[in-house]
Amino acid sequence: MNDKYHLALKTAFASEYAFALKAQNFHWNVEGASFPQLHALFEKIYEEVYGSIDTFAEQLRALQLYTPASLQKFSMLTRVEDENNENLPDGQMVQELLEDSEKMANIFRITFDMAESAGDHGLSNFLADRQDAHKKHSWMLRSTLK
Ligand SMILES: [Fe+2]
(Lines give C-alpha, C1' and ligand atoms only; values in the text may rest on other atoms or scores of the structure.)
Protein backbone atom coordinates (compact mmCIF):
# COMPACT_ATOMS: atom_id res chain seq x y z
CA MET A 1 0.00 0.00 0.00
CA ASN A 2 2.75 2.41 0.99
CA ASP A 3 4.69 1.98 -2.25
CA LYS A 4 1.55 2.42 -4.34
CA TYR A 5 0.50 5.44 -2.26
CA HIS A 6 3.93 7.07 -2.43
CA LEU A 7 4.25 6.51 -6.19
CA ALA A 8 0.76 7.98 -6.67
CA LEU A 9 1.84 11.11 -4.76
CA LYS A 10 4.99 11.52 -6.85
CA THR A 11 2.95 10.97 -10.00
CA ALA A 12 0.45 13.62 -8.89
CA PHE A 13 3.29 16.05 -8.18
CA ALA A 14 4.99 15.50 -11.56
CA SER A 15 1.63 15.74 -13.34
CA GLU A 16 0.79 18.99 -11.56
CA TYR A 17 4.13 20.48 -12.60
CA ALA A 18 3.58 19.34 -16.20
CA PHE A 19 0.08 20.83 -16.12
CA ALA A 20 1.41 24.22 -14.96
CA LEU A 21 4.07 24.16 -17.67
CA LYS A 22 1.45 23.39 -20.33
CA ALA A 23 -0.75 26.27 -19.17
CA GLN A 24 2.30 28.54 -19.39
CA ASN A 25 3.18 27.14 -22.83
CA PHE A 26 -0.34 28.07 -24.02
CA HIS A 27 -0.10 31.51 -22.32
CA TRP A 28 3.04 32.20 -24.34
CA ASN A 29 2.04 30.68 -27.66
CA VAL A 30 -1.71 31.29 -28.04
CA GLU A 31 -2.76 33.25 -31.16
CA GLY A 32 -6.01 34.43 -32.71
CA ALA A 33 -8.93 36.77 -32.11
CA SER A 34 -9.36 35.48 -28.54
CA PHE A 35 -5.71 36.16 -27.70
CA PRO A 36 -6.27 38.72 -24.88
CA GLN A 37 -8.79 36.55 -23.01
CA LEU A 38 -6.95 33.25 -23.44
CA HIS A 39 -3.52 34.74 -22.71
CA ALA A 40 -4.96 36.05 -19.41
CA LEU A 41 -6.92 32.88 -18.57
CA PHE A 42 -3.90 30.62 -19.09
CA GLU A 43 -1.83 32.96 -16.90
CA LYS A 44 -4.40 32.87 -14.11
CA ILE A 45 -4.33 29.06 -14.23
CA TYR A 46 -0.56 28.53 -14.28
CA GLU A 47 -0.02 31.10 -11.51
CA GLU A 48 -2.56 29.34 -9.28
CA VAL A 49 -0.98 25.93 -9.93
CA TYR A 50 2.65 27.07 -9.56
CA GLY A 51 1.56 28.70 -6.30
CA SER A 52 0.76 25.24 -4.91
CA ILE A 53 3.91 23.45 -6.10
CA ASP A 54 6.28 24.35 -3.26
CA THR A 55 3.78 23.33 -0.58
CA PHE A 56 3.15 20.07 -2.43
CA ALA A 57 6.91 19.33 -2.63
CA GLU A 58 7.32 20.01 1.08
CA GLN A 59 4.34 17.79 1.92
CA LEU A 60 6.20 14.94 0.16
CA ARG A 61 9.35 15.71 2.14
CA ALA A 62 7.36 15.65 5.39
CA LEU A 63 6.39 12.06 4.50
CA GLN A 64 10.13 11.38 4.10
CA LEU A 65 9.77 11.01 0.33
CA TYR A 66 12.21 12.63 -2.04
CA THR A 67 10.57 15.13 -4.35
CA PRO A 68 10.98 14.47 -8.07
CA ALA A 69 12.67 17.61 -9.35
CA SER A 70 14.18 17.13 -12.78
CA LEU A 71 12.67 17.32 -16.26
CA GLN A 72 13.65 13.69 -16.78
CA LYS A 73 11.90 12.54 -13.59
CA PHE A 74 8.86 14.64 -14.43
CA SER A 75 8.59 13.15 -17.90
CA MET A 76 8.95 9.62 -16.47
CA LEU A 77 6.17 10.16 -13.93
CA THR A 78 3.68 12.63 -15.41
CA ARG A 79 0.19 11.64 -16.53
CA VAL A 80 -0.18 15.02 -18.28
CA GLU A 81 1.56 14.70 -21.62
CA ASP A 82 3.68 17.46 -23.11
CA GLU A 83 2.28 19.48 -26.00
CA ASN A 84 5.12 19.94 -28.49
CA ASN A 85 3.07 21.73 -31.16
CA GLU A 86 3.61 25.41 -30.35
CA ASN A 87 1.05 26.65 -32.88
CA LEU A 88 -1.88 24.53 -31.83
CA PRO A 89 -5.19 26.29 -32.71
CA ASP A 90 -6.53 28.22 -29.70
CA GLY A 91 -9.68 26.11 -29.30
CA GLN A 92 -7.59 22.95 -29.17
CA MET A 93 -5.42 24.50 -26.47
CA VAL A 94 -8.51 25.12 -24.33
CA GLN A 95 -9.89 21.63 -25.01
CA GLU A 96 -6.60 19.92 -24.19
CA LEU A 97 -6.03 21.91 -20.99
CA LEU A 98 -9.63 21.17 -19.94
CA GLU A 99 -9.06 17.42 -20.37
CA ASP A 100 -5.80 17.67 -18.41
CA SER A 101 -7.45 19.69 -15.64
CA GLU A 102 -10.21 17.07 -15.33
CA LYS A 103 -7.49 14.41 -15.21
CA MET A 104 -5.74 16.33 -12.40
CA ALA A 105 -9.00 16.64 -10.42
CA ASN A 106 -9.37 12.86 -10.71
CA ILE A 107 -5.76 12.23 -9.66
CA PHE A 108 -6.35 14.39 -6.57
CA ARG A 109 -9.65 12.59 -5.84
CA ILE A 110 -7.80 9.26 -5.79
CA THR A 111 -4.74 10.47 -3.84
CA PHE A 112 -7.05 12.16 -1.31
CA ASP A 113 -8.64 8.76 -0.55
CA MET A 114 -5.19 7.19 -0.19
CA ALA A 115 -3.99 9.94 2.16
CA GLU A 116 -7.14 9.58 4.27
CA SER A 117 -6.61 5.80 4.54
CA ALA A 118 -3.01 6.43 5.64
CA GLY A 119 -4.17 8.93 8.29
CA ASP A 120 -2.27 11.79 6.61
CA HIS A 121 -4.99 14.35 7.23
CA GLY A 122 -2.92 17.49 6.65
CA LEU A 123 -1.91 16.15 3.26
CA SER A 124 -5.45 15.02 2.46
CA ASN A 125 -6.70 18.56 3.16
CA PHE A 126 -4.14 19.88 0.69
CA LEU A 127 -5.13 17.27 -1.92
CA ALA A 128 -8.82 18.14 -1.46
CA ASP A 129 -7.97 21.80 -2.10
CA ARG A 130 -6.07 20.82 -5.27
CA GLN A 131 -9.06 18.82 -6.52
CA ASP A 132 -11.25 21.84 -5.88
CA ALA A 133 -8.83 24.19 -7.67
CA HIS A 134 -8.83 21.95 -10.74
CA LYS A 135 -12.62 21.79 -10.75
CA LYS A 136 -12.60 25.59 -10.92
CA HIS A 137 -10.01 25.64 -13.71
CA SER A 138 -12.09 23.05 -15.59
CA TRP A 139 -15.22 25.16 -15.19
CA MET A 140 -13.52 28.24 -16.66
CA LEU A 141 -11.99 26.31 -19.56
CA ARG A 142 -15.29 24.49 -20.28
CA SER A 143 -17.21 27.78 -20.26
CA THR A 144 -14.73 29.28 -22.72
CA LEU A 145 -15.55 26.54 -25.24
CA LYS A 146 -19.32 27.26 -25.35
FE1 LIG B 1 3.29 36.38 -19.26
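Bear in mind that the values here come from a model prediction, so they are computed numbers and not experimental data. Position numbers for residues start from 1 in each chain and track the written sequence from start to end. Local features in a predicted model are, by the rule used here, given only for residues with pLDDT of at least 70; side-chain atom pairs are given and counted only at 80 or more, and totals for whole chains, interfaces and linings are based on all residues. Side-chain metrics rest on all non-hydrogen atoms present in the structure, leaving aside hydrogens and water.

Trainee: Can you help me understand helix H2 (residues 35-62) in this one?
Mentor: Because the α-helix completes a turn every 3.6 residues, residues three or four places apart line up on one side. Helix and strand labels come from DSSP, where a helix needs a run of H or I of at least four residues and a strand needs a run of E of at least two; each type is numbered from the N terminus. Each helix should span, by expectation, one fewer than its residue count multiplied by 1.5 Å. Taking 1.5 Å per residue, 28 residues should reach 40 Å; H2 reaches 41 Å between its end C-alpha atoms and fits that length. At Ile53, H2 is bent by approximately 30 degrees, the largest bend along its length. Along H2, the positions that sit buried rather than exposed are Leu38, Leu41, Phe42, Ile45, Tyr46, Val49, Ser52, Ile53, Phe56, Ala57 and Leu60. Once H2 ends, the next one or two residues include Gln64, with phi positive near 65 degrees. We define the bend at any residue as the angle between the axes fitted to the seven residues before and including it, ending there, and the seven starting there. Accessibility here uses a 1.4 Å probe with only protein chains present; expressed as a share of the type maximum, an area under 20% marks a residue as buried, one over 50% as exposed, and anything in between as partly exposed.

Trainee: Even after reading the chapter, I still don't get the nonpolar core, so can you show me in this structure?
Mentor: The tendency in soluble globular proteins is for nonpolar side chains to be buried as a group. In this structure, Phe42, Ile45, Phe56, Leu97, Leu127 and Leu141 are the most contacted members of the largest nonpolar core, which totals 40 residues. Sorting elements by how many residues they give to this core places helix H1 (residues 2-29) first, with 11 residues. Throughout, a residue-residue contact means that at least one pair of heavy atoms, one from each residue, lies within 4.5 Å. If near-sequence neighbours (up to four positions away) are discounted, Leu127 is found in contact with Leu9, Phe56, Phe108, Thr111, Phe112 and Ala115. For this analysis, a nonpolar core means a set of buried residues of the types Ala, Val, Leu, Ile, Met, Phe, Trp, Tyr and Cys, connected via side-chain atoms within 4.5 Å.

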